[in-house]
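# Per-entry structural report
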Amino acid sequence: MKLVCSKANLLNGVQTVSKAVPSKTTMSILECILVDATNGEIKLTANDMELGIETTIEGQIVEKGIIALDAKMFLEIVRKLPDSDITIETDASFKVVITCEKAKFTIIGKSGEDFSYLPAVEKDDSIVMSQFTLKEVVRQTIFSISDNDNKLMTGELFDINGEEFKIVSLDGHRISIRKIQLKNSYSPKKVVVPGKTLNEVSKILPGDADSDVTISFTEKHIVFEFDKTVVVSRLIEGEYFKIDQMLSSDYETKVRVNKKEFLSCIDRATLLVKEGDKKPIIVNITDSGMELKINSALGSMNEEIDIQKQGKDLMIGFNPKFLIDALRVIDDEEVDLYMVNPKAPCFIKNAEESYIYLILPVNFTTVA
């Protein structure tokens, strides 16, 4: 095999597929990136058996061939070569020579025949949305997936119904929901997509508002196709939690607050909370405003914010991180909080309910 391509193209391709290389594995072939130039185009592939990424890069195929290269070493070599054309040559003994200007590396590859290709997926059942939209809805929900033993909580629910696409994540303490309208109508479908997959797709998705991503489904896999890249992932099996029964529209207290001011205030309060310390921020809502208080071993802080209030006075405690995570991804200038009592969930949502963040309160005893 002999290939010539620019450093920029090769580096972009290698970085893209590297996201699917496992950090630990007993199968050394999975630590490799497959370079396949047998069918008139240069394809790079990585696959950890749960997540697989394949991308096609521009370049010249002087001689057809296929080789598997250690991903970590290959990425570092390409990254540190000069900004010029790179030539990759292999021989029958899997010796690989990588040259660029005056630099020359000789490494040993592995047979491409041993590599695990991406599973072939029937693409009958697909939806289309803009890259920007997918990237945004993942960003606005991914923070509340769990890393615990409950497999379903480590993924996000994709719920498609007609023109509505709903994405849901939860970790036992909070729920994040985003709803968007698709350009076309699709048959109902619910799948649970691993959070790791969505994180990696988000990183490599350019996010162009004028470019689409096609998402296809089978019983066990989901496929994302955009530009010249294909991402195939296993789905998480099992029925997702019935969240509708958790979403009450009842409230005793409604507060409208400037989002930036609210977020800045909570952010300041967390200066007094050590890593791993579970000190709640106490929110005291009265007719005169909303007071935020925190009291820790490092000291105490309180600050008052102007609000528009409807309903009863209320004192309620929260994990400040959960409030910060939700507020950071909301683009609105003002946010509405709906609460019932100090032990019931707080909802942050807009009138259209295109986003809903449910946050469970925490118990507190004394107030600073």
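Our subject is the structure that appears above.
The paragraphs below set out a description of the structure included in this document. (Residues numbered from 1 in each chain as written. Predicted model: local features only at pLDDT ≥ 70, side-chain atom pairs only at ≥ 80, totals over all residues. Heavy atoms only, no water.)

### So, the overall build of the protein chain
- Within the protein chain, the secondary structure is distributed over six helices and 24 strands.
- Each principal axis of the C-alpha distribution contributes one length, and for the protein chain these read about 80 × 50 × 35 Å.
- Burial status across the protein chain gives 52% buried among its 368 residues.
- Sequence-distant contacts in the protein chain: of pairs separated by 6 or more residues, those separated by 24 or more amount to 68%.
- A distance of 4 Å separates the average location of the 45 positive side-chain charges in the protein chain from that of its 58 negative side-chain charges. (Helix = DSSP H or I, 4+ residues; strand = E, 2+ residues; numbered from the N terminus. Buried < 20%, exposed > 50% of the residue type's maximum accessible area, 1.4 Å probe, protein only. Contact = heavy atoms within 4.5 Å. Lys, Arg positive; Asp, Glu negative; His and termini not counted. Charge placed at Lys NZ, Arg CZ, Asp CG, Glu CD.)

### With respect to the environment of Phe-241
- Within the fold, Phe-241 resides in the loop between β15 (229–234) and β16 (253–258).
- Taking the C-alpha atoms as reference points, Phe-241 and Val-201, 40 residues apart in sequence, are found 24 Å from one another.
- With residues up to four places along the chain from it excluded, the contact list for Phe-241 reads Asn-150, Leu-152, Met-153 and Leu-170.

### Quick look at helix α3 (residues 131–139)
- Listed as buried for α3 are Gln-131, Leu-134, Glu-136, Val-137 and Val-138.
- For α3, the elements touching its buried residues are β10 (125–130), β11 (155–170), β12 (174–194), α4 (195–204), β13 (212–217) and β14 (221–226).

### Considering the packing of helix α1 (residues 7–18) against helix α2 (residues 71–80)
- Relative orientation of the contacting elements α1 and α2 amounts to 150°, with a least axis distance of 10 Å. Accordingly, the angle class assigned to the pair α1 and α2 is roughly antiparallel. In the crossing of α1 with α2, the sense of the turn from one axis to the other is left-handed. For the pair α1 and α2, the contacting residues are Lys-7, Leu-10, Leu-11, Val-14, Gln-15 and Ser-18 in the first and Phe-74, Leu-75, Val-78 and Arg-79 in the second.
- Split into classes, the residues belonging to the contact of α1 with α2 amount to six nonpolar, two polar and two charged. (Axes fitted to C-alpha atoms, helices over the stretch in contact; angles between N-to-C directions. Parallel < 35°, antiparallel > 145°, perpendicular 65-115°, else oblique. Left-handed = near helix turned anticlockwise from the far one by under 90°. Nonpolar A, V, L, I, M, F, W, Y, C, P; charged D, E, K, R; others polar.)

### As for the pattern of salt bridges
- Applying the stated criterion to the full structure yields 25 salt bridges.
- Residues Lys-43 and Glu-54 are paired through a salt bridge, measuring 3.5 Å at the closest nitrogen-oxygen approach. Residue Lys-43 is found in strand β3 (residues 42–47), and its partner Glu-54 is found in strand β4 (residues 51–57); the two are separated by eleven residues along the sequence.
- Lys-43 sits in the partly exposed class, given a relative accessible area of 26%. (Salt bridge = Lys/Arg side-chain N within 4 Å of Asp/Glu carboxyl O.)

### Let's talk about the packing of aromatic side chains
- Under the criterion given, the structure shown has five aromatic pairs.
- An angle of 85° between the planes, with centres 5.1 Å apart, marks the rings of Phe-158 and Phe-165 as edge-to-face. In terms of burial, Phe-158 and Phe-165 fall into one category: buried.
- These aromatic residues form a ring-pair network of at least three members: Phe-143, Tyr-355 and Tyr-357.
- Across the ring face of Tyr-338, the terminal group of Lys-349 is positioned such that the distance to the ring centre comes to 5.1 Å.
- In this structure, Lys-349 packs its charged tip against the face of Phe-347, placed 5.4 Å from the ring centre. (Phe/Tyr/Trp six-rings, centres within 6.5 Å; stacked < 30°, edge-to-face > 60°. Lys NZ or Arg CZ within 6 Å of the ring centre and 35° of its normal.)

### Points about unusual backbone geometry
- The phi dihedral of Met-49 falls on the positive side, at around 80°, and the residue is not glycine.
- Looking at where Met-49 falls in the secondary structure, it is placed in the loop between β3 and β4.
- A residue is classified by how much of its surface remains accessible, and Met-49, at 40% relative accessible area, is partly exposed.
- Phi is positive for Glu-353, close to 60°, though the residue is something other than glycine.

### Considering the packing of α3 against α4
- The contact between α3 and α4 brings their axes to 10 Å, and the two run at 135°. Taken as axis vectors, α3 and α4 run oblique relative to one another. Crossing of α3 over α4 shows left-handed handedness. Where α3 approaches α4, its residues Leu-134, Lys-135 and Val-138 are matched on the opposing element by Leu-198, Val-201, Ser-202 and Lys-203.
- Of the residues that constitute the contact of α3 with α4, the class distribution is four nonpolar, one polar and two charged.

By themselves these figures say nothing about function.
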